[in-house]
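Now for the letters of each chain:
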Amino acid sequence: METNPTIQLFLALGIIVFMAKSAGYVSRLLGQPAVLGELIAGIILGPSVLNMLGWSVFTDQHLSEMVIHIAELGVLLLMFNAGLEIDLVSLRRVQNVALSAGTLGVVFPLLLAVPVALVSNYSLEAALFIGMSMAATSVSISAQTMVELGVLQTKEGIALLGAAVIDDVLAILLLSVLIALSLAGGGGLGDVIGVVLRITIYIAAALGIGWLLLPRIANWIANRPISSGVLAFSIVAALLFGWSAELFGGIAAITGAFIAGVCLSRADKKIRHQIDEGLHEINYGLLVPVFFISIGLRTNLRDLDSSHIPFTIALLATAIASKIIGSGLGARLTGFDNQSALRVGVGMVSRGEVGLIIATVGLQAGVIPASIFPAIVLVTLATTVVTPPLVRWAFREPKSAPAVSLTYDKE
């Protein structure tokens, strides 16, 4: 008996959210971040183990597509929220270390991961996407560990947060360039200049319009009797900026949503809190769990045969070493001593949402082969697992790193 497709979607989403939250809870009980459990739950539900979407109860051929669309909405709002949480004032106070550590934290993974992919016979375009997925970081895992150790407010912790912001901004911008060039079919120098010019004009226009208008409109709506008006406006802004990014800028929609979030971060603190609180419930109650589970639904670890194991091991080693060396060197060059620089580098090791988003975009664009996507997911999982013990090791003498204010002198 064939079931209504809408009812099938209800059942699928119910299973997905339940599994994501249950696995996230178990992961936290084991001292790991919830995202690790959600990713593992997705792999279990996917073709690697249970192949949920292949169950006889799910007869709708478009079910997988609908789940992915919902996941993409979650990605869009997740990136909007990432932009909203940027503290521009604090970022300026650690700008030298953050800029240096964040920039080299992108450059070194590219310099090391791209050759590894090329040697493994992947195309330059695929190698660049693989490198970009290794360039992004997920500082939330390191930050949580530092909170437990009581060292998040040290100079290393504050610099780490700033470097992670720079890291993700650069990764998103480079992703936008890669996507635009990919859609344009590559081309000669003139085509590349044209693509970069188009992106530059769009970003400048989006920042200019958003910087001037979005905070003012949000402040105006906050004083009107509109139910959840500010939250609704922020979602509209994320959607429209995401739409315009692809249509006018030729770049990823998540870049437009990220820009909208950065611009709205200038709104009044009370308004930012309303938006953040509302989005948190929507994102983490439904959309983000669907996104992380959807990664597992599109990942078949059975495709990772023995021929891919050397590449996976090399990519993992590159992922760990490139962040420690790149971000650590960036911090060292801007005044941190060796131990402090090591702490910043170790804190940048974990990959997470942005790296998975980049890999997913590359997969959807047909640039990253489906056969290598499981390797990228495995590396992301592995770096997530190893980061907490590495951070604890780097801060094994927390008293040697006394808490300081946001303004600090070079050592």
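My aim in this report is to walk through the structure given alongside it, one point at a time.

1. Quick notes on the packing of aromatic side chains
- Counted under the stated rule, the structure contains four aromatic pairs.
- Measuring from centroid to centroid gives 5.3 Å for Y122 and F311, while their planes differ by 55 degrees, and the two rings are tilted. Residue Y122 is located in the loop between α5 (95–119) and α6 (124–135), and its partner F311 is located in helix α13 (residues 309–333); the two are separated by 189 residues in the primary sequence. Like Y122, the residue F311 is buried in the burial classification.

2. Describing the environment of G105
- One can find G105 in helix α5.
- Assessed through its relative accessible area of 0%, G105 is described here as buried.
- Beyond its immediate chain neighbours, meaning those up to four positions away, G105 contacts A135, D167, K323, G326 and S327.

3. Topic: the side chain of T318
- One can find T318 in helix α13.
- Discounting chain neighbours no more than four positions away, the residues touching T318 are L112, A113 and V116.

4. Describing the packing of helix α3 (residues 63–84) against helix α10 (residues 229–249)
- The interhelical angle for the contact between α3 and α10, taken along N-to-C directions, is 110 degrees, at an axis separation of 10 Å. Between α3 and α10, the interaxial angle falls into the category roughly perpendicular. Here L73, L76, L77 and F80 of α3 lie close against α10, whose contacting residues are S234, A238, L239 and G242.
- Residues of the contact of α3 with α10, tallied by class, amount to six nonpolar, two polar and no charged.

Reading the values: the criteria
Residues numbered from 1 in each chain as written. Predicted model: local features only at pLDDT ≥ 70, side-chain atom pairs only at ≥ 80, totals over all residues. Heavy atoms only, no water. Phe/Tyr/Trp six-rings, centres within 6.5 Å; stacked < 30°, edge-to-face > 60°. Helix = DSSP H or I, 4+ residues; strand = E, 2+ residues; numbered from the N terminus. Buried < 20%, exposed > 50% of the residue type's maximum accessible area, 1.4 Å probe, protein only. Contact = heavy atoms within 4.5 Å. Axes fitted to C-alpha atoms, helices over the stretch in contact; angles between N-to-C directions. Parallel < 35°, antiparallel > 145°, perpendicular 65-115°, else oblique. Nonpolar A, V, L, I, M, F, W, Y, C, P; charged D, E, K, R; others polar.

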